[in-house]
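# Reading the structure
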Amino acid sequence: MKLGIVGLPNVGKSTLFNSLTKAGAEAANYPFCTIEPNKGIVIVPDERVDRLSSLFHSKKTIYATIEFVDIAGLVAGASKGEGLGNQFLAHIREVDAIVHVVRCFEDTNVTHVDGTIDAVRDVGTIDIELIFADLEVLERRIAKIAKTARMDKTAGKEHAFLLRIKERLEGNLPVRGIECADEEESAWLSGYQLLTNKPVIFAANVEDADLADDAQSNAQVQALRAHAKETDAQVFVVCAKVEQELSELEEEEKQEFLQELGMSSSGLDKLIAASYETLGLMSFLTTGEDETRAWTIPVGTKAPKAAGKIHTDFERGFIKAEVISYEDLVREGSVAAAREKGLMRMEGKEYIVKDGDVITFRFNV
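Now for a description of the structure that goes with this document.

Criteria and cut-off values
All residue numbers here refer to positions counted from 1 along the written sequence of the relevant chain. The predicted origin of the model limits local features to residues at a pLDDT of at least 70 and limits the giving and counting of side-chain atom pairs to 80 or more, whereas totals for whole chains, interfaces and linings rest on all residues. The side-chain figures draw on all heavy atoms in the structure; neither hydrogens nor water molecules are used. In this analysis an axis means a line fitted to C-alpha atoms, helices contributing only their contacting stretch, and an angle means the value between N-to-C directions, from 0 to 180 degrees. In this text, helices come from DSSP runs of H or I with a minimum length of four residues, and strands from runs of E with a minimum of two, each type numbered from the N-terminal end. Between 65 and 115 degrees an angle is taken as roughly perpendicular, under 35 as roughly parallel, over 145 as roughly antiparallel, and anywhere else as oblique. Take the far helix as the reference: if the near one is turned anticlockwise from it by less than a right angle, the crossing is left-handed, and if turned clockwise, right-handed. Whether two residues touch is decided by their heavy atoms; if any such pair falls within 4.5 Å, the residues are in contact. Only protein chains enter the area calculation, which uses a 1.4 Å probe; residues under 20% of their type maximum are buried, those over 50% are exposed, and those in between are partly exposed. Any residue outside Ala, Val, Leu, Ile, Met, Phe, Trp, Tyr, Cys, Pro, Asp, Glu, Lys and Arg is labelled polar, Gly included; the first ten of those are nonpolar and the last four are charged. Regarding the arc, it is the one traced by the directions from the helix axis to the C-beta atoms. Polar contacts, as used here, are pairs of N or O atoms within 3.5 Å; protein pairs need one atom able to donate a hydrogen and one able to accept it. Residues neighboring in sequence count only if both atoms are side-chain atoms. Charged residues are defined narrowly, with Lys and Arg counted positive, Asp and Glu counted negative, and His plus the chain ends left uncounted. The rule for a salt bridge is simple: a side-chain nitrogen of Lys or Arg has to be within 4 Å of a carboxyl oxygen of Asp or Glu. Throughout this description, the term nonpolar core refers to a set of buried Ala, Val, Leu, Ile, Met, Phe, Trp, Tyr and Cys residues connected via side-chain atoms within 4.5 Å. In this analysis, rings of Phe, Tyr and Trp, with Trp reduced to its six-membered ring, are considered paired at centre separations within 6.5 Å, and the interplanar angle assigns stacked below 30 degrees, edge-to-face beyond 60, and tilted for intermediate values. For a Lys NZ or an Arg CZ to count as sitting over a ring, it must be within 6 Å of the ring centre and within 35 degrees of the ring normal.

## Structural notes on the packing of helix α5 (residues 153-170) against helix α6 (residues 183-192)
Here α5 crosses α6 at 60 degrees, and the two axes come no closer than 11 Å. Considering their axes alone, α5 and α6 lie oblique with respect to each other. In the crossing of α5 with α6, the sense of the turn from one axis to the other is right-handed. Residues T154, K157, E158, F161, L162, R164 and I165 of α5 form the contact with α6, whose participating residues are E184, E185, W188, L189 and Y192.

This is the structure we're talking about:
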């Protein structure tokens, strides 16, 4: 999973990136501090992996990971090359989802590129640049296909679909959320690689005082939530400064600090949960003496495709999947005990893997 962290200059984007990844990206109170995208790999904390590794005395413990990319701050006119616009647009095409950091706090010591705080306006500044970039892509495709649209039925159908997307964009709405009539339209949409079709998670950057009640009294956050609902996006509340402090603490101190703030989880935990939900992902597990590992797959994945996540030979020569739920395995304490109680199942090619399944694949190549 690759997430691009974006936002206007001076919204706390690089501070948040640093705290999430401890990668040490430069964070400063001036625009375009980030030019080349900084990258950092973060492990996805999973107590199931910890428990199984301990239970089976695994030599290696491997967690799922997320790659974060801190992308240069954007300004109005980026789609026409203003600021670092062209670099921004190129880098954003490579990510699976966008984490859009939005400033929802007042601070006279930190300048705002537009002079005032307005979360929805700031979101609109970036959205409009992505929309302009998508319109350019669409217009080129429309011009190319228009010649054959009258003569060819498939080309005519795609031409009509392109015009429908264009109309949506011209109404200042992102492509994500558009309904495709069939698989053919879905395949076309995926092929266009439009920026506004990428899933978006808004990170509402607030003061620490707003964390305890999840910023219910913060008018900027409330406006952002209303906007997100209209544009098929998610919002999570975070304080970049607090995350920076948390990243420097040991686990026990971290939990105490969270309790003092009235929080049950960190911003990273919230972001990971939101990312998995937004991208429709989950994890299955493999375990044993050699290794315990979490594997990230799309919700709805069938057993052979999940096996292919481990190795292509597993998918090609798939025979059966030996499956037990994490809860059953931990409760019984061993594979032998679980098998004795009939809790271990043999599943075939049509089995849809569930979150937390512990699987051993049987294959023959």
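## Considering helix α1 (residues 13-21)
A large share of α1 lies buried, amounting to nine of its nine residues. When we look at burial in α1, the residues that qualify are K13, S14, T15, L16, F17, N18, S19, L20 and T21. Looking one or two places after α1, you find K22, whose phi comes out positive at around 55 degrees.

## Points about the packing of helix α4 (residues 119-149) against α5
Interaxial distance between α4 and α5 falls to 9 Å at its minimum, and their mutual angle equals 155 degrees. One element, α4, and the other, α5, form an angle in the roughly antiparallel class. Seen from above, α4 lies across α5 with left-handed handedness. On α5, the residues that touch I131, D134, L135, L138, E139, R141, I142, I145, A146, T148 and A149 of α4 are A155, G156, E158, H159, L162, L163, I165, K166, L169 and E170. Partitioned by chemical class, the residues of the contact of α4 with α5 number twelve nonpolar, three polar and six charged.

## Observations regarding the environment of F284
Along the chain, F284 falls in strand β8 (residues 281-286). In this view, F284 contacts R293, A294, W295, I297, A306, I310, V353, D357, I359 and F361; residues no more than four positions away in its chain are not counted.

## Some details on helix α2 (residues 47-55)
All of the buried residues along α2 are R48, V49, L52 and S53. For α2, the buried positions fall inside an angular range of 130 degrees around the axis, keeping them on one side. Of the exposed residues in α2, the ones pointing more than 90 degrees away from its buried face are E47 and S54. Packing partners of the buried residues in α2 comprise β3 (60-62), β8, β9 (291-298), α13 (326-332) and β12 (357-363). A distance of 3.0 Å separates the backbone nitrogen of R48 from a side-chain oxygen at the start of α2, and that oxygen is part of D46. Positive phi shows up at H57, right after α2, with a value of about 50 degrees.

## Digging into the side chain of D134
Following the sequence through the fold, D134 ends up in helix α4. One buried charged side chain, D134, makes no salt bridge at all; its nearest oppositely charged neighbour is R93, positioned 4.8 Å away. If we skip the residues at most four places from it in the chain, D134 touches L169, V175, L194, L195 and T196.

## Considering the nonpolar core
By size, the foremost hydrophobic cluster in this structure holds 71 residues, and its most contacted members are L52, F68, I92, C104, F202, L211 and L224. Excluding its chain neighbours within four sequence positions, the residues that come into contact with I92 are V6, I71, I98, L130, L195 and K198. Grouped together as the second largest cluster of nonpolar side chains are 17 residues, A155, L162, L169 and W188 included.

## Thoughts on the packing of aromatic side chains
Evaluation of the coordinates by the stated rule reveals five aromatic pairs. For the ring pair F284 and F361, a centre distance of 6.0 Å and an interplane angle of 90 degrees mean the geometry is edge-to-face. Separated by 77 residues along the polypeptide, F284 in strand β8 and F361 in strand β12 bring together distant segments of the chain. The pair F284 / F361 is uniform in exposure class, with both members buried. Of the aromatic side chains, those joined through ring pairs into one cluster are F284, W295, F318 and F361. When the ring centre of F105 is taken as reference, the NZ or CZ atom of R103 above it lies at 4.6 Å. The positively charged end of R293 is found above the aromatic ring belonging to W295, 4.0 Å away from the centroid.

## Some thoughts on unusual backbone geometry
Phi is positive for H57, which is not a glycine, with a value near 50 degrees. Its location among the elements puts H57 in the loop between α2 and β3. A residue is classified by how much of its surface remains accessible, and H57, at 64% relative accessible area, is exposed. The backbone of A215 shows a phi angle near 60 degrees, a positive value even though the residue is not glycine. Along the chain, A215 falls in the loop between β6 (200-205) and α7 (219-230). By relative accessible area, which is 0% here, A215 ends up buried.

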